[in-house]
Amino acid sequence: MKVLKVLVTILCGVVLSEQVSSPSDDHYWAAVVEYEYTNFETDSSEVYTAKSLQRYSDIILSKEVDPVDILVFSEYGLSDTGMGSRVPDPGEGIVPCDSPEYGISVRNLSCLARDRQKYLVVNLAEIASCPMKGETRPCAKNGLYNFNSNVVFDRNGAVIARYRKFNLYNEPKMNITLEADLSVFKTDFGVEFGTFICFDLLFEKPALQLVRRGIKDFVYSTMWFSDLPFLTAVQIQQGWAYANNVNFLVSGSNNPGIGSTGSGIYSGRRGPIVSYISYKNETKLYVAKVPKIDRTNAMVSKHQSTRYSPSEMAGMKTTRDQVETYVSENLPLVSHKNYKTSLCQQDVCCNFTIDYSVNNVVNESNFYHYKLAAGDTSRSVNGFADIYITTCAIMACSGSRPADCAVRFKNPSEVAEVIRFNSIEIEGVFGGNDEEVSLVPSNVDTSMLPLEVDEFHFSHKYNQPYHQVHYQLTKPRSDIFTFAIWGRRYKGVSRATKMFAFCAPLIYSALLTNLYN
């Protein structure tokens, strides 16, 4: 078998000696893997797992991982249900390295964690006996559950955490637990982590439950499928980490042809230390020195993210939100120093103030138009789930119709940057109780990368019964695809007040007048 060639980026300098961070340190060392899995699509489960296990071993044993405290792998990178393994109960402190009771993946990873003295976070297919204690659900004929699980090994190879994915996405062979696991683990470098998987990011349970519990560092395995205009991979990863002010270690599976790519290491309001999204099929390892969230004076050394052109990124597939259901209007194709408008739908009202210039409209046939929108409605996520979203948005459109919005041009090299945004200010009022609504800054450019955190300002206050958000673009950009306050309503259309939807346009100005007084 050929040795895996992994593209490696090491941040904050090359460190080849073995290093273990301590609780007193301001930082810890982390690594995430953007893991290509396209080579194995025609293999049997056994062959796929064997190849992946070899590739994982190559990465774990590489010298680039020497300084790392914790290493995170992607969703479905290792195995599927055909090669499921039992996983020890984390409470028992079992080291499965040499135990035939467990599958080859669990045994080998345990040995690797022990030999390399690293915390390993690996997503794998887990099997467990059915029924579990206290359950009355019917079992499969083979008496087994199948779970999509994150398994965490400590430096001694012991299983110290196990999380079973609760919000499934097109995974008909997988089961879920009766309630969402709140899976956390403590490390010897003084950091407590939470973990969840892929689609869980869009739900309250378990992701936001862990945030409310006070967890400030997360390890996250994903096979994300980018969705315009709000849910491309790095865009939502950065927005979630920023809004919750948490360290977010993200390992993504890589197959851009079907829309799966996107990894990064994010440090809350400090922004991404590194982020990656690509049109290429490749495996990449990122190693970074991560500042602890509570060490506000800790230095942050960021890596310049690889930026591919819009033409190159056309090779990455995207799906699309049903934005036609929003209340929207076109941004006029005339330069304005102070263009203002307000839009409302259901329990959300949005006030837009925009300074922008328009050039060469008559001479250019291909350019992005923009719509301003207020959305407070449900949507289907590719038929696999229905979610309720709430948003104030500016979004690019390949034409002037609502159906053209969140649609990229097929030949981006022929597209002119006609509209330049000098500044944007969005003030939004959102109905919903404090724990019913989650709101994040959502932005992405035509290269499918989010803006840097010093290019925008985002502040969120909850003054019962309304969420009040102020969001600004602070540096000019002419390549914006999305600039929005984007949120999730977790309990459906639960009116903040019975009269809010009817009276929203009337009370909106009064609320905004005192928004930050």
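Everything below is about the structure printed above this text.
Here the structure is a predicted model, which means the values were calculated and not measured.

Undergrad: So what exactly am I meant to see when it comes to the sheet that holds strand β24 (residues 466-473) here?
TA: Strand pairing within a sheet occurs via backbone hydrogen bonds; the two strands may be parallel or antiparallel. The 5 strands lie next to each other as β17-β18-β21-β24-β23, forming an open sheet whose pairing is antiparallel. Of all the strands in the sheet, just β17 (336-345) and β23 (456-463) have a single pairing partner and so form its edges. Strand after strand, the sheet turns through a mean of 10° between neighbouring axes, direction not considered. As defined by bridge partners, strand β18 (residues 348-358) adjoins strand β21 (residues 419-431) across 11 bridges and the pair is classed as antiparallel. Bridging from a neighbouring strand, T353 pairs with E425 of β21.

Undergrad: I keep staring at the pairing of strand β11 (residues 247-254) and nothing clicks. Help me out?
TA: Regular strands place their side chains on alternate faces of the sheet. Among the 8 residues that make up β11, 8 are buried, leaving the element largely enclosed by the rest of the structure. In the sheet, strand β2 (residues 27-36) pairs with β11 via 2 bridges, with the strands oriented parallel. From the neighbouring strand, Y35 faces β11, where its bridge partner is S253. Of the pairings in the sheet, the one linking β11 to strand β12 (residues 263-267) comprises 4 bridges and is antiparallel in character. Residue pairing for β12: V250 is matched across the bridge by G264.

Undergrad: Explain the packing of aromatic side chains to me, please; I cannot follow it from the model alone.
TA: For the coordinates displayed, the defined rule picks out 34 aromatic pairs. With a centroid separation of 6.5 Å and 40° between ring planes, the pair formed by Y356 and F421 is classed as tilted. Remark: F421 occurs in strand β21 and Y356 occurs in strand β18; sequence separation between them is 65 residues. Note on Y356: relative accessible area 1%, which makes it buried. Among the aromatic side chains, those forming a connected cluster through ring pairs are F196, F218, Y220, W240, F248 and Y266. Positioned over the ring face of Y242 is R269, at 4.8 Å from the centre of the ring. Stacked on the ring of F203, the Lys or Arg R488 has its end atom at 5.2 Å from the ring centre.

Undergrad: Sorry, what's going on with the packing of helix α1 (residues 45-61) against helix α2 (residues 104-116) here?
TA: Running from amino to carboxyl end, α1 crosses α2 at an angle of 5°, the nearest separation of the two axes being 11 Å. The orientation of α1 relative to α2 falls into the category roughly parallel. Within the contact between the two elements, α1 uses T49, L53, Y56, S57, I60 and L61 and α2 uses I104, S105, N108, L109, L112 and R116. Here the residues of the contact of α1 with α2 sort into 7 nonpolar, 4 polar and 1 charged.

Undergrad: Just checking my understanding: could you explain empty space enclosed by the protein for this structure?
TA: Any space left empty among the atoms is revealed by the rolling of a water-sized probe across them. Under the defined criterion, the tally for this structure stands at 4 cavities of 30 Å³ or more. Approximately 120 Å³ is the volume found for the largest cavity. Considering the residues around the largest cavity, the lining is formed by 13 residues, among which Y169, F199, W224, F225 and V381 are closest to the centre. For the lining of the largest cavity, a count of residues per class yields 9 nonpolar, 2 polar and 2 charged. Of the volumes computed, that of the second largest cavity is approximately 90 Å³. Every residue lining the second largest cavity is counted, 13 residues in all, and those nearest its centre are L201, W240, S438, W486 and Y490.

Undergrad: I tried to follow the nonpolar core on my own but got confused; where do I start?
TA: One broad rule of soluble globular proteins: the nonpolar side chains tend to lie buried together. Counting 115 residues, the largest nonpolar core has I70, F196, W240, F248, L249 and F421 as its most contacted members. Take this core: its biggest share by element is 8 residues, from strand β20 (residues 386-397). In contact with F196, other than residues within four places in its own chain, are N150, Y163, L201, P206, A207, L210, F218, V219, Y220, S221, W240 and F248. One finds L78, L109, V151 and L285 within the second-largest nonpolar core, a separate group that totals 33 residues.

Undergrad: How should I be thinking about the sheet that holds strand β22 (residues 437-445) in this particular structure?
TA: Read across the open sheet, the 5 strands follow the order β16-β19-β20-β25-β22; overall the sheet is antiparallel. Two strands bound the open sheet, and with one partner strand each, they are β16 (327-330) and β22. Pairwise comparison of adjacent strand axes, ignoring direction, gives a mean angle of 10° for this sheet. Pairing geometry for β20 and strand β25 (residues 480-489), over 8 bridges, is antiparallel. In the strand pairing of β25, Y388 is matched with R489. Against the sheet, helix α4 (residues 233-244) touches β22 and β25, its axis set at about 135° to β22.

What counts and how
- Residues numbered from 1 in each chain as written.
- Predicted model: local features only at pLDDT ≥ 70, side-chain atom pairs only at ≥ 80, totals over all residues.
- Heavy atoms only, no water.
- Pairing = 2+ DSSP bridges.
- Helix = DSSP H or I, 4+ residues; strand = E, 2+ residues; numbered from the N terminus.
- Axes fitted to C-alpha atoms, helices over the stretch in contact; angles between N-to-C directions.
- Buried < 20%, exposed > 50% of the residue type's maximum accessible area, 1.4 Å probe, protein only.
- Phe/Tyr/Trp six-rings, centres within 6.5 Å; stacked < 30°, edge-to-face > 60°.
- Lys NZ or Arg CZ within 6 Å of the ring centre and 35° of its normal.
- Parallel < 35°, antiparallel > 145°, perpendicular 65-115°, else oblique.
- Contact = heavy atoms within 4.5 Å.
- Nonpolar A, V, L, I, M, F, W, Y, C, P; charged D, E, K, R; others polar.
- 1 Å grid on protein atoms, 1.4 Å probe; cavity = no way out; pocket = protein on both sides within 12 Å on 5 of 7 lines; lining within 4 Å.
- Points joined across faces, edges and corners; volume = space filled by probe spheres on them.
- Core = buried A, V, L, I, M, F, W, Y, C linked by side-chain atoms within 4.5 Å.

Coordinates in, geometry out; function isn't part of it.
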